[in-house]
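Residue strings, one per chain:
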Amino acid sequence: MPTMLPLWLLASLLAVSQALPFEQKGFWDFTLDDGLPMLNDEEASGAETTSGVPDLDSLTPTFSAMCPFGCHCHLRVVQCSDLGLKAVPKEISPDTTLLDLQNNDISELRRDDFKGLQHLYALVLVNNKISKIHEKAFAPLRKLQKLYISKNHLVEIPPNLPSSLVELRIHDNRIRKVPKGVFSGLRHMNCIEMGGNPLENSGFEPGAFDGLKLNYLRISEAKLTGIPKDLPETLNELHLDHNRIQAIELEDLLRYSKLYRLGLGHNQIRMIENGSLSFLPTLRELHLDNNKLSKVPSGLPDLKLLQVVYLHTNNITKVGVNDFCPVGFGVKRAYYNGISLFNNPVPYWEVQPATFRCVTDRLAIQFGNYKK
């Protein structure tokens, strides 16, 4: 007993002396692999508290003695990553706001795993072995806004997701089906990342996205052969890169008039039907690189806000003088600041300078480097 008091005093002094805030190494590194800036949640979700991080002014240190063995706990952040855990640990403080359980061996989420964690804002379960989730596992998480459960063994989207959820990242699992109603009641959701799953077009049931008002949706690295039907018409960003899409037909983009970024790179697109792009009046970025296009898509000059077009690594053999810019002046509201055409069999010396009359700077045009 005589040695216990000094150890207790030392622990207290160490706790009080933590002047610098806790730095979570790599905590938010499960974002998009192309580094595109995310919309902040306040822009569209309507949730009461939807900022990118919790209000740190309200996160006063509790110095609670409750901290799972081997974990690091501070400022309501509980970090239990890379510990070889087989299950969600017990003795997690009820005032925890961020719980990091990535890079463990958790295979199941049980009914009471998150019991009492009614203040949890972000839950990170990336890179585990989760294949089973109890239907009421997330029931206590009434304030959860960020759920990162990518790189697991899930074959379906978890049932009964918290109605407060704003962002769901569930990419790199084994999901083949998105049933109708799986997202019902999620009126605050504005971002879903579900790429890297073996999803085919037939895997989306009619009405699968009913009720969602998403800003951002990513279904890259799947098995899509066309643009899925009935995606939320509120979308600002749609990323379908690294699929097997072969054509864009007239009706494919009809309902997505609010898109400002469309990613279709690394597909097998040979044809874009005339008029298809006319349904995207607010489009700012268009990614069509690494496809099989033989010409510049028609309709680009009519997209008054378009600023970036990726067309590199296609089969384009000719670039016309009016392929990018409208005829006349005062029609285009935003000049291009990026056009990539490199790695196409275009005789660049035949391209007229006037072709790029609506580009901010000649350095914004990327030509050359074609190899047969």
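As the structure is a prediction and not an experimental result, all values here were calculated from the model. (Residues numbered from 1 in each chain as written. Predicted model: local features only at pLDDT ≥ 70, side-chain atom pairs only at ≥ 80, totals over all residues. Heavy atoms only, no water.)

How do you make sense of the packing of aromatic side chains when you look at a structure like this?
The geometry of an aromatic ring pair is captured by two quantities: the separation of the ring centres and the angle between the planes. All chains considered together, the criterion is met by 7 aromatic pairs. An angle of 35° between the planes, with centres 5.9 Å apart, marks the rings of F324 and F356 as tilted. Of this pair, F324 sits in the loop between strand 16 (308-310) and strand 17 (338-340) while F356 sits in the loop between strand 17 and strand 18 (365-366), placing them 32 residues apart in sequence. There is no split in this pair, since F324 and F356 are both buried. Taking the centre distance of 5.7 Å and the plane angle of 65° together, the rings of F356 and F367 count as edge-to-face. With F356 in the loop between strand 17 and strand 18 and F367 in the segment after strand 18, this residue pair connects regions lying 11 residues apart in the sequence. Judged by relative accessible area, which is 29%, F367 ranks as partly exposed. Here a set of aromatic residues connected by ring pairs shows up, and it is made of F324, Y336, Y348, F356 and F367. (Phe/Tyr/Trp six-rings, centres within 6.5 Å; stacked < 30°, edge-to-face > 60°. Helix = DSSP H or I, 4+ residues; strand = E, 2+ residues; numbered from the N terminus. Buried < 20%, exposed > 50% of the residue type's maximum accessible area, 1.4 Å probe, protein only.)

How do you make sense of the environment of V296 when you look at a structure like this?
Considering the arrangement of structural elements, one finds V296 in the loop between strand 15 (285-287) and strand 16. Using a relative accessible area of 6% as the deciding quantity, one classes V296 as buried. Taking the C-alpha atoms as reference, V296 lies 9.7 Å from N315; in sequence the two are 19 residues apart. When sequence neighbours within four positions are dropped, the list of residues in contact with V296 reads L311, I316, K318, V319, D323 and F324. (Contact = heavy atoms within 4.5 Å.)

Even after reading the chapter, I still don't get the UniProt feature "domain: LRRNT" (unreviewed entry) in the protein chain, so can you show me in this structure?
Under the UniProt annotation, the feature "domain: LRRNT" (unreviewed entry) is placed at residues 66-98. For residues 66-98, helix accounts for 0% and strand for 21%, while the C-alpha atoms at its two ends are 15 Å apart. (UniProt positions renumbered as here; feature names shortened; annotations may be inferred.)

Help me understand the nonpolar core in this model?
A general trend in soluble globular proteins is that nonpolar side chains are found buried together. One finds L109, L123 and F324 to be the most contacted residues of the largest nonpolar core, which totals 88 residues. Setting aside anything within four residues of it in sequence, one finds F324 in contact with V296, L300, P301, L311, V319, Y336, I339, L341, T355, F356 and C358. (Core = buried A, V, L, I, M, F, W, Y, C linked by side-chain atoms within 4.5 Å.)

Is there a simple way to think about the side chain of N243 in this case?
By secondary structure assignment, the location of N243 is in the loop between strand 11 (237-239) and strand 12 (247-248). For N243, a relative accessible area of 5% puts it in the buried group. From its side chain, N243 meets the backbone oxygen of I219 in a polar contact 3.0 Å long. From its side chain, N243 meets the backbone nitrogen of K223 in a polar contact 3.3 Å long. Residues within four places of N243 in sequence aside, it is in contact with I219, S220, E221, A222, K223, L224, H266 and N267. (Polar contact = N/O pair within 3.5 Å; in protein donor to acceptor, adjacent residues only side chain to side chain.)

Sorry if this is basic, but what is going on with the environment of I175 here?
With respect to the helices, strands and loops of the structure, I175 is situated in the loop between strand 8 (167-169) and strand 9 (191-193). The class of I175 is buried, set by a relative accessible area of 0%. It is 9.7 Å that separates the C-alpha atoms of I175 and G195, two residues lying 20 residues apart in sequence. Look past the residues within four positions of I175 in its chain and what remains in contact with it is L154, V155, E156, I157, I170, N197, P198 and L199.

Explain the state of the cysteines to me, please; I cannot follow it from the model alone.
As used in these notes, a disulfide is a covalent bond between sulfur atoms, one from each of two cysteines. All told, the structure shown has 3 disulfides when counted by the stated rule. Residue pairing for C325: its cysteine sulfur links by disulfide to C358, the two sulfurs lying 1.9 Å apart. The sign of the S-S torsion, about -85°, decides the handedness of the disulfide formed by C325 and C358: left-handed. Of this pair, C325 sits in the loop between strand 16 and strand 17 while C358 sits in the loop between strand 17 and strand 18, and the two are 33 residues apart along the sequence. Residue C325 shares its accessibility class with C358, and that shared class is buried. In the protein chain, the cysteines engaged in disulfides, taken in order along the sequence, are linked 1-3, 2-4, 5-6. (Disulfide = S-S within 2.5 Å.)

Please clarify how the pattern of salt bridges should be interpreted in this entry.
When the charged atoms of two side chains with opposite charge come close together, those side chains can pair. Enumeration according to the criterion identifies 11 salt bridges in this entry. Here K146 ties to E167 by a salt bridge, and the two come within 2.9 Å at their closest N and O atoms. With K146 in strand 7 (residues 146-148) and E167 in strand 8, the pair connects residues that are 21 residues apart, well separated along the chain. Across the pair, E167 and K146 agree in class, each one buried. D252 is the partner of K229 in a salt bridge, and the nearest nitrogen-oxygen pair spans 2.9 Å. With K229 in the loop between strand 10 (216-218) and strand 11 and D252 in the loop between strand 12 and strand 13 (261-263), the pair connects residues that are 23 residues apart, well separated along the chain. Members of the salt-bridge network, linked through shared partners, are K86, D105 and K129. (Salt bridge = Lys/Arg side-chain N within 4 Å of Asp/Glu carboxyl O.)

What am I meant to see in the environment of D361 here?
Topologically, D361 is positioned in the loop between strand 17 and strand 18. Spatially, the C-alpha atom of D361 lies 8.5 Å from that of Y336, the residues being 25 residues apart in sequence.

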